[in-house]
Amino acid sequence: MVNTTVQVVAATALRQFAFFDAHPVKDVHDLASPPEIFKNASEISTVASSSAGLLVADIHGSIHTLNKEFVSTTSWVAHVGGRVMHMAERNGVLVTIGEESAVRGSLLKIWDLGKTDKRNQAPVLLKSAKVQPSNKPHPVSCFALSSALSFLAIGLADGTVLLYRHLDQSLSSTTSLTALPKTRIIHESSPEPITGLGFRELPSPTNADAKDNNLHLFIVTTNTVHLYHVSGKGSGGSSVLLDDIGCGLGCAVMDWRAENIVLARDEAVYAYGLHGREPPYAYEGYKSSIHTHLNYVIVVSPPTTATTTSSATRKLAAQTAGGDGDASRVTVFDMENKVVGYTGVFAEGIREVISEWGNIYILTNNGQLTRLAEKSTSAKLSMLYAKALYPLALSLAQTQHLDESYVADIHRQHGDHLYMKGDWDGAMTCYLKTIGWVKPSYVVRKFLDAQRIHNLVTYLQELHALGLANADHTTLLLNTYTKLKDVARLDSFIKTESRRSGAAESNGDLPFDLDTAIRVCRQAGYFDHASYLAKRYKRHEEYLRVMIEDAGKYGEALTYLRHLGAVAAESNLARYGRAMLDNLPEETTQLLIDLCTISGPLIIPEAEDTTPQQSSVPANAPSYLSYLALSRAPAPEDKVEEPKEDKEEDLAEPQTMQPNAPTPPKEKRPSPTLYFAHFVDHPSYFVRFLESVAARRWGQSLSSLPSSLLDTSLDKDEDLEKYNQAAVWNTLLELYLDGGSPEQQEKALKVLTSDTLPCDKTHALILCSSYSYTRGLVILWEKLGMYEDILRFWMDKHNTSPSESSASTEVVQALVRYGPTHPHLYELVLRFLTSTPELLTRHQADVEKILEHIEKERIIPPLGVVQILSRNGVASVGLVKDWLMGRIKEAREEVQTDQQLINSYQLETNAKLKQVAELEDPMHAKVFSVTRCSQCSGQLDLPSVHFMCNHSYHQRCLLDHETECPLCVRQHGIIQEIRRNNERMADQHELFLADVQDNGFKVLAGGFGKGVLNMTRLDDVAV
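Thresholds, definitions, all that
- Residues numbered from 1 in each chain as written.
- Predicted model: local features only at pLDDT ≥ 70, side-chain atom pairs only at ≥ 80, totals over all residues.
- Heavy atoms only, no water.
- Axes fitted to C-alpha atoms, helices over the stretch in contact; angles between N-to-C directions.
- Helix = DSSP H or I, 4+ residues; strand = E, 2+ residues; numbered from the N terminus.
- Parallel < 35°, antiparallel > 145°, perpendicular 65-115°, else oblique.
- Contact = heavy atoms within 4.5 Å.
- Nonpolar A, V, L, I, M, F, W, Y, C, P; charged D, E, K, R; others polar.
- Buried < 20%, exposed > 50% of the residue type's maximum accessible area, 1.4 Å probe, protein only.
- Core = buried A, V, L, I, M, F, W, Y, C linked by side-chain atoms within 4.5 Å.
- Salt bridge = Lys/Arg side-chain N within 4 Å of Asp/Glu carboxyl O.
- Patch = residues over 30% accessible without salt bridge, like charges linked within 9 Å, V, L, I, M, F, W, Y side chains within 5 Å.
- Areas by Shrake-Rupley, 256 points an atom, 1.4 Å probe, with all protein chains shown as cover.
- Pairing = 2+ DSSP bridges.
- Phe/Tyr/Trp six-rings, centres within 6.5 Å; stacked < 30°, edge-to-face > 60°.
- Lys NZ or Arg CZ within 6 Å of the ring centre and 35° of its normal.
- pLDDT = per-residue confidence, 0-100.

(A) Expanded view of the packing of helix α4 (residues 390-399) against helix α5 (residues 404-421). Interhelical geometry of α4 versus α5 gives an angle of 175 degrees and a closest axis separation of 10 Å. Compared by their axis directions, α4 and α5 come out roughly antiparallel. Of the residues in α5, those touching α4 at Tyr 390, Pro 391, Ala 393, Leu 394 and Ala 397 are Val 407, Ile 410, His 411, Gln 413, His 414 and His 417. Residue composition of the contact of α4 with α5, grouped by class: 7 nonpolar, 4 polar and no charged.

What follows is the structure in structure tokens.
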């Protein structure tokens, strides 16, 4: 019967808990009785756990294999006529040591539990040999078997220890049944018997902390503890004394890790490792035996802890427990956590303590079997929580290798307990160990009070150090620093954490949210810290925003921009260029020039004055670029996007260029148009910027021709470069015109007159018109061939100020220059000069010259001139009297000449008609009076041939069968060919219509003259 109410009296009281529940085990067939196999418990000699089940040996030499219901599944006689004293199983191989009636001394047998002998259905016997190191046999007191079956140690009652090496190799050989490795005596301690043996196993491969990879054997006698080096470097020597105290038989056992041997003595429980005794566990009282179960040590002792071991005292304690004098007490220790997990008194006495299937089984002398089932981990922790034993709960969790979430929950409950007691610092220590498992908000809410803000800072710092903080945590931490005005801790957090995160930084993983940290430092006025973070992590935009918008350190920002390089400086200057120009116009202008003209690293001036200067240019300068947004298409570079974090350039920290350093790769130069808008209030610096860019980038200036030696290999987009050049010179022309000074006017004139500068003529016309720059307009009109526009410009100017004679004079001079190549201008000027009496009076001689030139070049017919002059009453007849009379006289002479031609044509026509009529009249005789041959001009004689055309030939001068006059046929052939060509032209209507559109009347008259429009086809004549 189990009684757990007996008080334990110990020298040092250990904490006791009911970690185990006791349950009686009944027979599977008879629930009122214990298992059948244990009814004769006194006959059981030893019990051992195995992979095949529970092994039970009796004093008759038999071994039984039991299942979980304690029913025998296999039985065989291992030692005939004797008994089994010791047994142990490793990897399916069972080693037994017992006695047999036919053998003097102890007998060692090795069985293969995985194979069955068909003759007797028992496991196959692998080896059988006597244990007798000398002629005088001694009983075996204990033995130990290594986990790999490599070594077997046997302890004898005379203090001798035998060691079998390479036992596993002998089992695999096919030698005789009795062939075993040669034994070696490794220890002798006569007359002290051996009371305990145990192999210290090789450490697990997963145990990275293990420093000793050798196999050792602990040897325990009644008075000493020795250590023997079995294998490994330095093995084979004599045993080493660890301590000069020993223990009784059955009171030594290896712990659950097989690293230390545990001894149970009356005064305490000792543990020994490789280096000797470890701190003992105070537990006084007589100990009958000691066993292990997982991480627990089970001590069996009488129910009293008095130091006396007299039988009278033991009987008294047993009577108190309600039993006989054999009563025993079972105490289950957790030696690592220094707690007692179970204490119970068994009045009937204890026969065996069994550790199998995760439970502890207690077999009493009367055959009763009790199962001690360990409670669940959560139940054990709840018991510890109820007594506020949180450190013990942590130790228990570590011993049982609980998940980290369980450990974190223990720390959380411990922290809550300390928090309720008002121990803020202790609670925070616990909460720090929950990071990663408990939501930070759970802890943060508890420490938002101003009195606990220091603890909150500690928690938030640890969150950031572990990389588990988010933007809100960073904001809260930095706000606490700023509220406390703790600059030192702020420095420590920002700068120290930044240095610690060097490896994490390379992977983009920072100990805090960078954007939030910079934003909070800016809001709190800690600009130095914000700039440090931005510079440390290469947040170029944030650094410039702090230095320019917050700190106003334009000089440092300018130097930083130079160090960044062209790519990063391009985008940042597009944003902050105007602010930089307002404060450092000279230095900023030079930086922009270098940026747009240098294709490599930006040159850093040796001495750069970064003192803010006041610009001498008036702030109310005209907005001369206002039209650009409306009149020009933006270049691709005009679209400046906000750089994304994931695409941010990984630029190096500012560094000085070494003389022998390799030349960095050239970068594409940005478009100058990106920075035009920044100069809106700085026209003088704008002019300098544009002139310098044009000269250094393209070699273009007002005083020199473009240079062919400049490096333009990076500017592969020729169209874009042409656009940039035009934009620069268009803007320069506007600035020159806007300045108004003679020097700038002269520069504008040079731009307009240059044939090499890529200035847009149309754009220049708009500018010259906007600024009323007459010289420029005239030059541009001349270049564009717009001569009529020049004349009309001066005409309009005269109409605006009629009293000034310069405009009309300019009209006449322009006519003299452009008129010879453009005759249509004479009519325009003639209309202008005869538009008012004042103009006619002033330029009468010019009008006469114009009329003479018109008549000479036949530019305008006389009728047209008359119509021009007669449109108003300005020009008098006297002005053109002589000119008209000359024209009339010429017209009369032309008419007379034409009339004479008409008369001659009529006479010739009449003669031809008369001749035709005579030829057609058959009654009219034809007389041939020709006396000479028309071919050879010789005297005509017979035979001769006469033609109706009055030509006569010798017959010999004509070809055979020739029926036409040779002289007339050639003339008629030419005429017929002309008629055929005209007839073909008459069918090509497209060409005729095209000619009519160009010269209508002339073409029509020619068509009638050639007979194209009224032609009678030759085919019709033939018919």
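(B) The environment of Tyr 532, seen in detail. Residue placement: Tyr 532 occurs in helix α13 (residues 527-536). What makes Tyr 532 partly exposed here is its relative accessible area of 24%. In this structure the C-alpha to C-alpha distance between Tyr 532 and Val 546, which are 14 residues apart in sequence, comes to 10.0 Å.

(C) Up close: the nonpolar core. Among the nonpolar cores identified, the biggest contains 127 residues, and Phe 689 and Leu 733 are the most heavily contacted of them. What Leu 733 contacts, discounting residues up to four positions off in sequence, is Ala 748, Val 751, Leu 752, Cys 759, Ala 764 and Leu 767. Within the second largest apolar cluster, 29 residues are counted, among which are Tyr 296, Ile 298, Val 300 and Leu 372.

(D) A look at the pattern of salt bridges. What the rule picks out here adds up to 26 salt bridges. The shortest N-O distance in the salt bridge between Lys 375 and Asp 21 comes to 3.7 Å. Remark: Asp 21 occurs in strand β3 (residues 20-25) and Lys 375 occurs in the loop between β31 (369-374) and α3 (377-386); sequence separation between them is 354 residues. Using a relative accessible area of 24% as the deciding quantity, one classes Lys 375 as partly exposed. Here Glu 827 ties to Arg 831 by a salt bridge, and the two come within 3.3 Å at their closest N and O atoms. Taken together, the residues span about one helical turn, with Glu 827 and Arg 831 both in helix α26 (residues 824-833) at a distance of 4 residues. You can call Glu 827 partly exposed: its relative accessible area is 32%. Classification of Arg 831 as partly exposed rests on a relative accessible area of 35%. One continuous salt-bridge network, built from bridges that share partners, spans Asp 409, Arg 412 and Asp 416.

(E) Seen up close, unusual backbone geometry. Omega for the peptide link from Ser 190 to Pro 191 comes to 10 degrees, which places this bond in the cis form. Residue placement: Pro 191 occurs in the loop between β15 (184-188) and β16 (194-200). For Asn 91, which is not glycine, the phi dihedral falls at a positive 55 degrees. Given the relative accessible area of 61%, Asn 91 is considered exposed.

(F) The arrangement of a nonpolar patch on the surface in detail. Together, Leu 919, Phe 928 and Met 948 line one region of the surface with nonpolar side chains, adding up to about 250 Å² of accessible area. Here Phe 928 lies in the loop between α30 (881-920) and β32 (944-946). For Phe 928, a relative accessible area of 32% corresponds to the partly exposed category.

(G) How the structure looks around the sheet that holds β15. In space, the 4 strands of this open sheet follow the order β12-β13-β14-β15, with antiparallel pairing throughout. Each having just a single partner strand, β12 (140-145) and β15 make up the two edges of the open sheet. Geometrically, the sheet is characterised by an average inter-axis angle of 20 degrees between neighbouring strands, direction not taken into account.

(H) Inspection of the packing of aromatic side chains at higher detail. Going through the model one piece at a time under the given rule, you end up with 22 aromatic pairs. Every member of this aromatic cluster is reached through a ring pair, and the members are Tyr 419, Trp 424, Tyr 431, Tyr 442 and Phe 447. The ring of Tyr 442 is capped by Lys 446, whose NZ or CZ atom sits 5.0 Å from the centre of that ring. Arg 452 extends its terminal NZ or CZ atom over the ring of Trp 424, reaching a point 4.4 Å from the ring centre.

(I) Looking closely at the environment of Gly 525. Along the chain, the position of Gly 525 falls in the loop between α12 (514-524) and α13. Using a relative accessible area of 41% as the deciding quantity, one classes Gly 525 as partly exposed. Residues Gly 525 and Asp 550, spaced 25 residues apart in sequence, show a C-alpha to C-alpha distance of 8.3 Å.

(J) Representation of the confidence of the model for the protein. Per-residue confidence for the protein gives a mean pLDDT of 79, with 84% of residues at or over 70. In this model residues 305-325 is a low-confidence stretch, pLDDT under 50, and it forms 27 contacts with partners more than four residues away in sequence or in other chains. Across residues 502-508, confidence stays below pLDDT 50; counting only partners more than four residues off in sequence or on other chains, it has 4 contacts.

(K) Broad picture of α4. Buried residues dominate α4, accounting for 7 of its 10 residues. Where α4 terminates, the next one or two residues include His 401, which has phi positive at roughly 55 degrees.

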